[in-house]
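Observations on the model geometry
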Amino acid sequence: MTDWSGIAVIAPAWTPVAARLVSRGREMANSLGCYLRVVTEAAHVAEAGAAGADEVLTSDDICAGKLDPWIRSATPEALLLEDTPHCARIAGRLAGIFVAPILAGVVSVDFDLNERLLLMRIETFGGRQLEEWAAIPEAKPVFALVKAERLPEPMPGYGREPEVRPLS
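All of these numbers come straight from a predicted model, not from anything done at the bench. The written sequence of each chain sets the order in which its residues are numbered from 1. Only residues with pLDDT of 70 or above have their local features reported here, since the model is predicted, and side-chain atom pairs are shown and tallied only from 80 upward, although totals for entire chains, interfaces and linings are computed over all residues. For the side-chain quantities, the full set of heavy atoms in the structure was used; hydrogens and water were omitted.

What follows deals with the sheet that holds strand β4 (residues 78-82). One open sheet accounts for 9 strands, arranged β7-β6-β5-β8-β4-β1-β2-β3-β9; its pairing is mixed. This sheet does not close on itself; its edge strands, each paired only once, are β7 (129-134) and β9 (163-166). Here the average twist between neighbouring strands, direction ignored, is 30°. Helix α3 (residues 64-74) contacts β1 (7-10), β2 (36-40), β3 (55-58), β4, β8 (142-146) and β9 of the sheet and is inclined by roughly 170° relative to β2. Strand contacts of helix α4 (residues 85-98): β1, β4, β5 (102-112) and β8, with the helix running at about 165° to β8, the strand carrying the most contacts. For two strands to pair, DSSP has to find at least two bridges joining them. Helix numbers and strand numbers start at the N terminus; a helix is a DSSP run of H or I with at least 4 residues, a strand a run of E with at least 2. Here an axis means a line fitted to C-alpha atoms, over the contact stretch when the element is a helix, while the angle between two N-to-C directions is reported on a 0 to 180 degree scale. The contact rule is simple, with two residues in contact once any of their heavy atoms fall within 4.5 Å.

What follows covers the side chain of Glu55. In this structure, Glu55 sits in strand β3. For Glu55, a relative accessible area of 5% corresponds to the buried category. Any pair of N or O atoms that falls within 3.5 Å is considered a polar contact. Within protein, one atom must be able to donate a hydrogen and the other to accept it, and sequence-neighbouring residues count only if both atoms are side-chain atoms. Reaching out from Glu55, the side chain makes a polar contact with the side chain of Arg37 at a distance of 2.8 Å. One polar contact links Glu55 to Arg165, side chain to side chain, over a distance of 2.5 Å. Buried, partly exposed and exposed residues are distinguished by accessible area as a fraction of the type maximum, computed with a 1.4 Å probe on protein chains only: under 20%, between the cut-offs, and over 50%, respectively.

Take it as geometry only, folks, not as evidence of what the structure does.
Okay, structure coming up:
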């Protein structure tokens, strides 16, 4: 049985919204006492470190084919991606490979620390209602496509000098 642990943020295109997602990932990693890994382009290592990444994996072509072997070795329990068409294609392919849950349109993401469940909130009925979903504990990894523009601005003080290596 695989020991899934840790948080990963997949940010193929670095944007201010990606920084919010990494900052939220940092908060979650702090509460779980785990590592935060970020996959992004090599040009954005400093920004990922400033937002709180412990490790940055770099590639100019971030795709499911490259992420699959890395996920198998790093075993992050939750992968957060920005809710964009490109990220949805990546997450969809990976969720199919891993037979893992994926939820799109997430406006808030957190962990239940007692059960170690990823908690996700989505808006329904045109944003008039919030639904909360908890990932099934046995289903790992979990993929969340987050509307990161809804997350708060990155918190100051999360900056790190991340380990950097290429995504093979």
